[in-house]
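Understanding the architecture of this molecule
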Amino acid sequence: MASQGCAFRPGRPVGSVALALSVLLAALAPRASAQTIGAVANLSFGSFLSGSGGTVVVSPAGARSQSGGVLLLGQGPGTPAQLNVVGTANATYSITLPANNTVTLSDGNGHSMTVNSFVSSPPATGTLSAGGSQSIRIGATLIVGANQAPGGYSGAFSVIVNY
Amino acid sequence: MNQFSRIARRVVVVFGLVAVSGGAWAQSSATGTANATATVVRPITVSSSVDLAFGNVVPGGTAGTLTLTAASSTAATAAGGVTQPGTQVGTVTAAKFDVAGEGGLTYSITLPASAATITGPAAATMTVDTFTSDLGASGTLSGALGAAGSQSFYVGGKLHVGANQAAGNYTGTFSVTVAYN
């Protein structure tokens, strides 16, 4: 039974393993691998007076603006977050930013502010360089309450890249 | 038996490759985390704790001035027809202003650009001008960002006394403005 059902000859096993390996490598070749994404700069909304409340917006390019009663201070400018993506050369990938009302900054004393409207540059889709890397800059909108409690606020947010 | 074991080995090898392949396909996303920060600063306030007081001055037949330096121990300089009455100069102080706000931040100080008028008996007036601050045009609140800070500064000025200025008490007000830079 065993000898009759066997289609392989004793002298061929090495050949079939090699074939399987080449098929596997062909399948993997167009796929990106060994991706990493790491933060090299944090998102900072800088220093401001809350006044009657409003928003502080930091663009991916680093421009800061406000709305409502918020007063921005020149001596505490904002900066966009910067994350470096590393992977396969020339690979394209999608960027998923945090949804609204999922990221909050806290002062550790029971006060918080929400960060919404994350935007990135490049937006939505990126392409790694020939060297296999790309820098993503991220901005967002901070919601500031009226007479928001003074203090330093911080929080974390995650960015997902999909290949 | 020998052939069967070779078949079995090939099957294992193929399944092993599939498993590795599946593992590689699962590595299609990566997550990076960054921090976000913001600093809500305390409003800046300024209040007067000591008045600008020129004390007692004696007018003369010609106009004159009395100038006070901006310091906790102010120095008075009389000029023209004005003199101070010996040791009975009364209370002579530079104005003191107390600023409170966010630690470590700098702010601008704006003094009156024009003369302030002080009024005495029978609508007689004198003027005060040439206001000066011991900090100049800007200050820095004590402490560091994230905590309350404070600073005080002194303001001096120049009182203009007319010839034969009417005797009496003269009072008036002037304002200074502070603002975060």
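Above this text sits the structure in question.
Structural notes, computed from the coordinates. Fair warning: this is a prediction, and the values are worked out from it, not measured in the lab.

**So, the pattern of salt bridges**
All names here are of chain B. Per the counting criterion, the structure on display carries 1 salt bridge over all chains. Arg42 is the salt-bridge partner of Glu102, the closest N and O atoms lying 3.0 Å from each other. You can see Glu102 sitting in strand β5 (residues 95-102) and its partner Arg42 sitting in the loop between β1 (29-40) and β2 (45-50), a full 60 residues away along the chain. What makes Glu102 buried here is its relative accessible area of 0%. Owing to a relative accessible area of 22%, Arg42 belongs among the partly exposed residues under this scheme.

**Considerations on unusual backbone geometry**
For the peptide bond that leads from Ser121(A) to Pro122(A), omega is 0°, which places it in the cis range. Within the secondary structure layout, Pro122(A) lies in the loop between β9 (112-121) and β10 (125-127). Here Thr130(B), not a glycine, exhibits a phi torsion of approximately 55°, which is positive. Relative to the elements of secondary structure, Thr130(B) occurs in strand β8 (residues 125-133).

**Quick notes on the sheet that holds strand β6 (residues 106-110) of chain B**
Residues and elements named next belong to chain B. Within the open sheet, the 3 strands sit side by side as β9-β6-β11. Their pairing is antiparallel. If you trace the sheet from one side to the other, it starts and ends with β9 (138-140) and β11 (177-180), each paired once. Taking the axes of each pair of neighbouring strands and ignoring which way they run, one obtains an average angle of 30° across the sheet. Of the strand pairs in this sheet, β6 and β11 are connected by 4 bridges, and their pairing is antiparallel. From the neighbouring strand, Ser108 faces β11, where its bridge partner is Ala179.

**What to know about the nonpolar core**
Core analysis: the largest hydrophobic core is formed by 35 residues, its most contacted members being Leu43(A), Phe45(A), Phe48(A), Leu142(A) and Phe157(A). Among all residues touching Phe45(A), those that are not within four sequence positions of it are Val56(A), Val58(A), Arg64(A), Gly78(A), Leu105(A), Val115(A), Ala140(A), Thr141(A), Leu142(A), Thr37(B) and Ala38(B). Judged by nonpolar contacts, the second largest core, of 31 residues, contains Ile44(B), Leu68(B), Val99(B) and Tyr170(B).

Here is what the cut-offs are and how they apply
- Residues numbered from 1 in each chain as written.
- Chains lettered and ligands numbered in written order.
- Predicted model: local features only at pLDDT ≥ 70, side-chain atom pairs only at ≥ 80, totals over all residues.
- Heavy atoms only, no water.
- Salt bridge = Lys/Arg side-chain N within 4 Å of Asp/Glu carboxyl O.
- Helix = DSSP H or I, 4+ residues; strand = E, 2+ residues; numbered from the N terminus.
- Buried < 20%, exposed > 50% of the residue type's maximum accessible area, 1.4 Å probe, protein only.
- Pairing = 2+ DSSP bridges.
- Axes fitted to C-alpha atoms, helices over the stretch in contact; angles between N-to-C directions.
- Core = buried A, V, L, I, M, F, W, Y, C linked by side-chain atoms within 4.5 Å.
- Contact = heavy atoms within 4.5 Å.

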